[in-house]
Amino acid sequence: MAMAGGRQTDRVKAFRHEGYLRHAQFRWAKIGAVAAIAAIAVYLFHDPDPRPNGGTWYGYTLGTIGALLILWLTALGIRKRTMTRNAWSLKAWTSAHVYLGLTLLVIGTLHTGFQLGWNVHTLAYALMVLVIASGMFGVVVYSLLPRMLSDNRGELTETQMLDNLRSIDRQLNDAAQPLEGANAALIVGALAEDAFASGLWARLSGRERRGATWLARERLDASDAASVRAEILLGRKLEMLRQIQQHLRLRALLEIWLYVHVPVTIALIAALAAHIVSVFFYW
């Protein structure tokens, strides 16, 4: 009985979802924390003359570790193309990428010895900080936004939301046939409104877009049965547009950080190469 209970517990553990941040009971968080604490401890106890900087034995050691770590961290983009289930699964690699990336912030900062200026060395450090900051933003949005996306969609898929919008447009077109004059013109404008027309800033900020549909519902003269039906359909279309635009905003937030993280990572590699060359050939 005890063995059966143990097997059941093992199955529950096996099927329980474990995100990359909690992978192997925070193995890489612990490794990263130990490495960071060790680096800080050595920094506090070593006594360089005249002051800590990247040119001491400790500075060179941290610089070498940091450079190798940066190159390894950039390999995640290549690793994502291969799915495996072993100890170095994609989940394990991503977990190590996140926590060792945070450790790199400590290693890189101690490597500088807090000696910063307007030069290529500080440029490499600044780019490293920017890459880490954008990566932290990515971790946060990937932790929070998928649930918000699901809550916004309800039971609908993205395709179903667009199908619903087209269905409302067809009903709105039929309802507008008896209308004349200004009311008919307002409906024509609402039918032409594009759910994807909002600009990037409006999409990211979540600012409500007051387009042709909003204008039509505000100005429609609902004085007869046909116009009242059109007004109701305009309200339904407006609600569907809000849902689609919220969906687009959340998706943009999920992806926009990559437009900073990836290019700045490439710039970091270039600045890092310039930093290393200048140190070994011009000093």
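Above this text is the structure in question.
Per chain, residue numbering runs from 1 following the sequence as it is written. Residue-level local features of this predicted model are given only where pLDDT is at least 70; pairs of side-chain atoms are given and counted only at 80 or more, and the full residue set underlies all totals for whole chains, interfaces and linings. Side-chain measures here rest on the full set of heavy atoms in the structure, leaving out hydrogens and waters.

Engineer: So what's going on with the packing of aromatic side chains? Which residues, and what values?
Structural biologist: Two aromatic rings from Phe, Tyr or Trp, using only the six-membered ring of Trp, form a pair when their centres are within 6.5 Å; if the ring planes differ by under 30 degrees the pair is stacked, by over 60 it is edge-to-face, and anything between is tilted. Taken as a whole, this structure holds five aromatic pairs when the rule is applied. Centre to centre, the rings of W72 and W93 are 5.2 Å apart; their planes meet at 20°, and the pair counts as stacked. Of this pair, W72 sits in helix α3 (residues 57-74) while W93 sits in helix α5 (residues 90-112), placing them 21 residues apart in sequence. The exposure class of W72 is partly exposed, given its relative accessible area of 24%. Ring geometry for Y142 and W257: centres 6.2 Å apart, planes at 85°, overall edge-to-face. One end of the pair, Y142, is in helix α6 (residues 120-153); the other, W257, is in the loop between α11 (225-256) and α12 (258-282), with 115 residues separating them in the sequence. You can call Y142 partly exposed: its relative accessible area is 39%. Each helix is a run of DSSP H or I of at least 4 residues and each strand a run of E of at least 2, with the numbering of both proceeding from the N terminus. Residue exposure (1.4 Å probe, protein chains only): buried if accessible area is under 20% of the type maximum, exposed if over 50%, otherwise partly exposed.

Engineer: I'd love a proper account of unusual backbone geometry, names of residues and values included.
Structural biologist: The step from D49 to P50 runs through a cis peptide bond, and the omega angle for that step is 5°. The phi dihedral of F26 is positive, around 60°, even though this residue is not glycine. Note on placement: F26 falls in helix α2 (residues 23-45). The residue F114 is not glycine, and still its phi comes out positive at about 60°. On the basis of relative accessible area, F114 is assigned to the exposed category, the value being 53%.

Engineer: For the environment of N119, give the residues involved together with the corresponding values.
Structural biologist: Mapping N119 onto the fold places it in the loop between α5 and α6. C-alpha of N119 to C-alpha of H275: the two residues are 156 residues apart in sequence and 9.2 Å apart in space. Here the side chain of N119 touches T122 through a polar contact of 2.9 Å, landing on its backbone nitrogen. Pairs of N or O atoms within 3.5 Å make up the polar contacts considered here, provided that, within protein, one atom can donate a hydrogen while the other can accept it, and that residues adjacent in sequence are counted only when both atoms are side-chain atoms.

Engineer: Lay out helix α8 (residues 181-191) in plain terms, naming residues and giving numbers.
Structural biologist: Those residues of α8 lying buried are N183, A184, L186, I187 and A190. Projected onto a plane normal to the axis of α8, the buried residues spread over an arc of 160° and lie on a single side. Projecting away from the buried face of α8 at angles above 90 degrees are the exposed residues G181, A182, A185 and V188. Any two residues whose heavy atoms approach within 4.5 Å are treated as being in contact. Buried residues along α8 sit against α7 (158-175), α10 (212-219) and α11. Of all possible arcs, the one meant is that of the directions from the helix axis to the C-beta atoms.

Engineer: Account for the packing of α7 against α8, with residues named and values stated.
Structural biologist: In this description, a line fitted to the C-alpha atoms serves as the axis of each element, helices being fitted only across the stretch in contact, and the angle between N-to-C directions of two axes falls anywhere from 0 to 180 degrees. It is at 10 Å that the axes of α7 and α8 come closest, and there the two elements cross at 165°. Looking at the two axes, α7 sits roughly antiparallel to α8. Classified by chirality, the crossing of α8 by α7 is left-handed. Along its contact with α7, which presents D169, L172 and N173, the element α8 presents I187, A190 and L191. Side-chain classes follow a simple rule in which Ala, Val, Leu, Ile, Met, Phe, Trp, Tyr, Cys and Pro form the nonpolar group, Asp, Glu, Lys and Arg form the charged group, and the remainder, Gly included, forms the polar group. A breakdown of the residues in the contact of α7 with α8 according to their chemical character gives four nonpolar, one polar and one charged. An angle below 35 degrees is read as roughly parallel, one above 145 as roughly antiparallel, one from 65 to 115 as roughly perpendicular, and any other as oblique. Each crossing is labelled by how the near helix is turned from the far one, with a counterclockwise turn of less than a right angle marking it left-handed and a clockwise turn marking it right-handed.

Engineer: Please set out the pattern of salt bridges residue by residue, giving values where relevant.
Structural biologist: Definition used for salt bridges: Asp or Glu carboxyl oxygen within 4 Å of a side-chain nitrogen of Lys or Arg. Within this structure, the stated rule accounts for five salt bridges. Put simply, D169 and K237 hold a salt bridge, and the shortest N to O gap is 2.9 Å. With D169 in helix α7 and K237 in helix α11, the pair connects residues that are 68 residues apart, well separated along the chain. K237 carries the same exposure label as D169, and that label is buried. Taken together, the salt bridges that share partners define one network made up of E158, R251 and E255.

Engineer: An account of a nonpolar patch on the surface is needed here, citing residue identities and associated values.
Structural biologist: A surface patch of nonpolar side chains, amounting to about 530 Å² of accessible area, comprises Y60, I276, V277, F280 and F281. Ranked by residue count, the leading element in the nonpolar patch is α12, at four residues. The topology assignment puts I276 in helix α12. The residues that make up patches have over 30% relative accessible area and no salt bridge, and they are joined within 9 Å when like-charged or within 5 Å when they are Val, Leu, Ile, Met, Phe, Trp or Tyr. In these tables, accessible area is a Shrake-Rupley quantity obtained with a 1.4 Å probe, and a residue counts as shielded only by the protein chains included in the view.

Engineer: Can you explain the packing of α10 against α11? Please cite residues and give values.
Structural biologist: Helix packing for two helices is described by the angle between their axes and how far apart those axes are. Contact pair α10 / α11: the axes reach a minimum separation of 9 Å and the direction vectors enclose 150°. In terms of orientation, α10 and α11 fall into the roughly antiparallel class. Two packed elements cross with a definite hand, and for α10 against α11 that hand is left-handed. Residues T213, W214, A216 and R217 of α10 touch α11, and the partners they reach there are E231, L234, G235, K237, L238 and L241. Its residues assigned to classes, the contact of α10 with α11 shows five nonpolar, two polar and three charged.

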